[in-house]
Amino acid sequence: MIYTEAVEYIHSLLKFGIRPGLSGMDALLRFLDNPEKDLKFIHVAGTNGKGSVSTAISNVLTDAGYKTGLYTSPYVSEFLERVQFCGEPVSKNIFAESVEKVKTAVSFLSEKGTVITEFEALTAAAFLCFKALSCDVVVLEVGLGGRLDATNVIKTPLVNVITSLSLDHTAILGETIEEITFEKCGTIKEKGNVICSFGQPEKALEVIKETCENKNCILTVPNEKDVEILKTDIFGTEFIYKNEKYNVSLPGIHQVKNMTAVIEACEMLKDAFNIKTENVKAGISKTKLPARVEVLSKNPLVILDGGHNEDGAKAFFEAVKPVLENKEKIYVVAGMMADKAVECSLCALMKKSDCFVCVTPYNPRAMTATELSRIASKYCNDTVIIDSPISAVDYVLERITSNDVLCAVGSLYLAGEIRKHLIEKLSEFH
């Protein structure tokens, strides 16, 4: 099996959808001789911020000289953004070899009546990659929820991080913040070390505290009073935490919540790893993620963001609001999944927009451009329907001037479709 065949095979399992539960994953890993049992983990759950936190912790450990695996999702441009080793995508050969073993296991289990999903197969393949690479530690991001997520087959991790919690995937995880927090807290295991980012909804924090108490865990919540913001704009944030200065390349004040959780997680890891403050600062500073308030061009200003739920969209708006004030015309290209809180997520940006271009992302769950325009037209007088995201980008770039701004927002699926095209087109401006 070659790399392209491996990716095609993983995608072919998508038809089995999301099937929460650990029985299939347990059976798959048993067939593969449980590669996860030879690995040490940092487990990261939450609604928003998981990718930033996971990547930053991975960067810190890599900077400290450890062979570090990173498993995250979804990807924006390249599939192997999801399975990394020391900050780079794993070797295509190692990945293909791992998927081939998984395929054999899936075929065997299928004959026994056990169906394996895309995410389960990919998670198992990632474990095989990390074992083959003799990883010292793996940063493991939860896919969906926590309690019944395929990643939750691991034993007690070195550290469990719970990032910012809010309502999302309510059809699967529950309709209240307490129900959702219960699912996320399913990753917390007996006598574990737990970090919870500050600023959680009060009812969510109550569930986290109760879970930690019942499981005899040590819970650490960074103290917001120890934070001093020195500077923040769309190019990053500089802050002091516990008398140490940190620079975050990722824009948005919300990243301070994420990075203080990273700092505390690294503090907990110091018994197991030789991590210095310099490693933590370097790892945080190096952390960059595509389509997270990503500035693709300064002139004209073009910002790409995949914040796909209400809290993510609000964080994006708060991050960019100061620069929007000084722009002549604000263009937005937006596409959302139909199962998200679309109007709540985007209404603030719709009100601010001079031209709001509605698109249909390439995904079966996508809201159509026409449906999105019905919502947008309540808030913006110039609402345009262009189904194709690429055509929508071209439509705006033909009109934009140096005093304008383009915000491309709404979904990581949309970001993945247009990011490369945007970068290529913007190179013609310079």
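Structure shown above.
The structure contained in this document is the topic of the report that follows. Numbering of residues begins from 1 in every chain and follows the order in which that chain's sequence is written. Where totals are concerned, whole chains, interfaces and linings use all residues; where local detail is concerned, this predicted model gives features only for residues with pLDDT of at least 70, and gives and counts side-chain atom pairs only at 80 or more. Side-chain metrics rest on all non-hydrogen atoms present in the structure, leaving aside hydrogens and water.

## Digging into the pairing of strand β9 (residues 227–233)
Strand pairing follows a simple DSSP-based rule, namely that at least 2 bridges must link the two strands. Put simply, DSSP H or I for four residues or longer makes a helix, DSSP E for two residues or longer makes a strand, and each gets a number counted from the N terminus. Inspection of the sheet shows β9 paired to strand β10 (residues 236–241) by six bridges, in the antiparallel sense. Bridging from a neighbouring strand, Glu-228 pairs with Ile-240 of β10. In sequence, β9 turns back onto β10 through a hairpin of two residues.

## A closer look at the pairing of strand β5 (residues 137–141)
For β5, the buried fraction is high: five of the five residues fall into the buried class. Throughout this description, buried means an accessible area under 20% of the type-specific maximum (1.4 Å probe, protein chains only), exposed means over 50%, and partly exposed covers the range between. With burial as the criterion, each face of β5 is covered, one bearing Val-137, Val-139 and Glu-141 and the other bearing Val-138 and Leu-140. Bridge count for strand β1 (residues 41–45) against β5 is four bridges, and the pairing is parallel. Residue pairing in the sheet places Val-44 in a bridge with Glu-141 of β5. With four bridges joining them, strand β2 (residues 68–71) and β5 adopt parallel strand pairing. Following the sheet pairing, Thr-68 is matched in β5 by Val-137.

## Description of the packing of aromatic side chains
The rule is short: rings of Phe, Tyr and Trp, with Trp giving its six-membered ring, pair when the centres are within 6.5 Å, and they are stacked under 30 degrees, edge-to-face over 60, tilted in between. Within this structure, the stated rule accounts for eight aromatic pairs. An angle of 35° between the planes, with centres 5.0 Å apart, marks the rings of Phe-31 and Phe-108 as tilted. Linking Phe-31 in helix α2 (residues 23–31) with Phe-108 in helix α4 (residues 92–111), this pair joins segments that are 77 residues apart in sequence. Grouped by ring-pair contacts, the aromatic residues Tyr-3, Tyr-75, Phe-79 and Phe-95 constitute a single cluster.

## Structural notes on the state of the cysteines
Criterion for a disulfide: a pair of cysteine sulfur atoms at a distance within 2.5 Å. Inspection of the entire model under this criterion finds zero disulfides. Here Cys-86 is not disulfide-linked; the sulfur of Cys-135 is the nearest cysteine sulfur, at 6.9 Å. Classification of Cys-86 as partly exposed rests on a relative accessible area of 28%. Left without a disulfide partner, Cys-266 is nearest to the cysteine sulfur of Cys-86, which lies 15 Å away.

## Let's talk about empty space enclosed by the protein
Where empty space is left can be seen by rolling a probe of water-molecule size over the atoms. Both site types are read off a 1 Å grid over the protein atoms alone. A 1.4 Å probe that fits but cannot get out defines a cavity, while an open set with protein on both sides within 12 Å along at least five of seven lines defines a pocket; lining residues have an atom within 4 Å of a point. Grid points are joined across faces, edges and corners, and a volume is the space filled by probe spheres set on the points. If you walk through the whole model with that rule in mind, you get one cavity of 30 Å³ or more. In this model, the largest cavity occupies a volume close to 50 Å³. Every residue lining the largest cavity is listed: Ala-313, Phe-316, Phe-317, Ser-345, Leu-346, Ala-348, Leu-349 and Val-409. Among the elements of the structure, α11 (310–324) and α12 (342–352) are those that each provide at least two residues to the lining of the largest cavity. Per-class residue counts for the lining of the largest cavity are seven nonpolar, one polar and no charged. Charged residues are taken to be Asp, Glu, Lys and Arg, nonpolar residues to be Ala, Val, Leu, Ile, Met, Phe, Trp, Tyr, Cys and Pro, and polar residues to be all remaining types, Gly included.

## Digging into a negative patch on the surface
For patch building, the residue pool is restricted to those with more than 30% relative accessible area and no salt bridge; the joining distance is 9 Å between like charges and 5 Å between nonpolar side chains (Val, Leu, Ile, Met, Phe, Trp, Tyr). Surface accessibility in these figures is a Shrake-Rupley result with a 1.4 Å probe; residues are shielded only by whichever protein chains are displayed. Think of a salt bridge as a Lys or Arg side-chain nitrogen and an Asp or Glu carboxyl oxygen that are within 4 Å of each other. Think of it this way: Lys and Arg go in the positive column, Asp and Glu in the negative one, and His and the chain ends go nowhere. To locate a charge, the coordinates of NZ of Lys, CZ of Arg, CG of Asp or CD of Glu are taken. A grouping of Glu-5, Glu-8, Glu-97 and Glu-100 is seen on the molecular surface, where their side chains present a negatively charged patch. Elements supplying a minimum of two residues to the negative patch: α1 (3–12) and α4. Within the secondary structure, Glu-8 sits in helix α1.

## Details of the layout of surface pockets
Approximately 310 Å³ is the volume found for the second largest pocket. Lining the second largest pocket we find 15 residues, and of these Glu-81, Gln-84, Lys-288, Leu-289 and Pro-290 sit closest to its centre. Among the elements of the structure, α3 (50–63) and β4 (88–89) are those that each provide at least two residues to the lining of the second largest pocket. A breakdown of the residues in the lining of the second largest pocket according to their chemical character gives five nonpolar, five polar and five charged.

## Side note on the sheet that holds β10
Ordered in space as β9-β10-β11, the three strands form an open sheet in which the pairing is antiparallel. Edge positions in the sheet fall to β9 and β11 (244–248), since each of these pairs with one other strand and no more. Each adjacent strand pair in this sheet contributes to an overall mean axis angle of 15°, direction not counted. Strand direction decides the pairing type here: β10 and β11, joined by five bridges, are antiparallel. Here, axes are lines fitted to C-alpha atoms. For helices the fit covers the stretch in contact, and angles between N-to-C directions go from 0 to 180 degrees.

## What to know about the nonpolar core
Buried Ala, Val, Leu, Ile, Met, Phe, Trp, Tyr and Cys residues form a nonpolar core when they are joined through side-chain atoms within 4.5 Å. Membership of the largest hydrophobic core comes to 43 residues, with the highest contact counts inside it found for Leu-28, Val-83, Phe-95, Val-102 and Phe-127. Only α1, α2, α4, α5 (118–132) and β5 provide two or more residues apiece to this core. At 10 residues, the largest contribution of residues to this core is made by α5. Residues are treated as being in contact if the distance between any of their heavy atoms lies within 4.5 Å. Once residues within four sequence positions are removed from consideration, Val-102 is found in contact with Leu-28, Leu-32, Ala-121, Ala-124, Ala-125 and Leu-128. In terms of nonpolar packing, the next biggest core, distinct from the first, is built from 35 residues, Val-44, Val-60, Val-159 and Leu-269 among them.

By themselves, these are just geometric observations and shouldn't be taken as functional.
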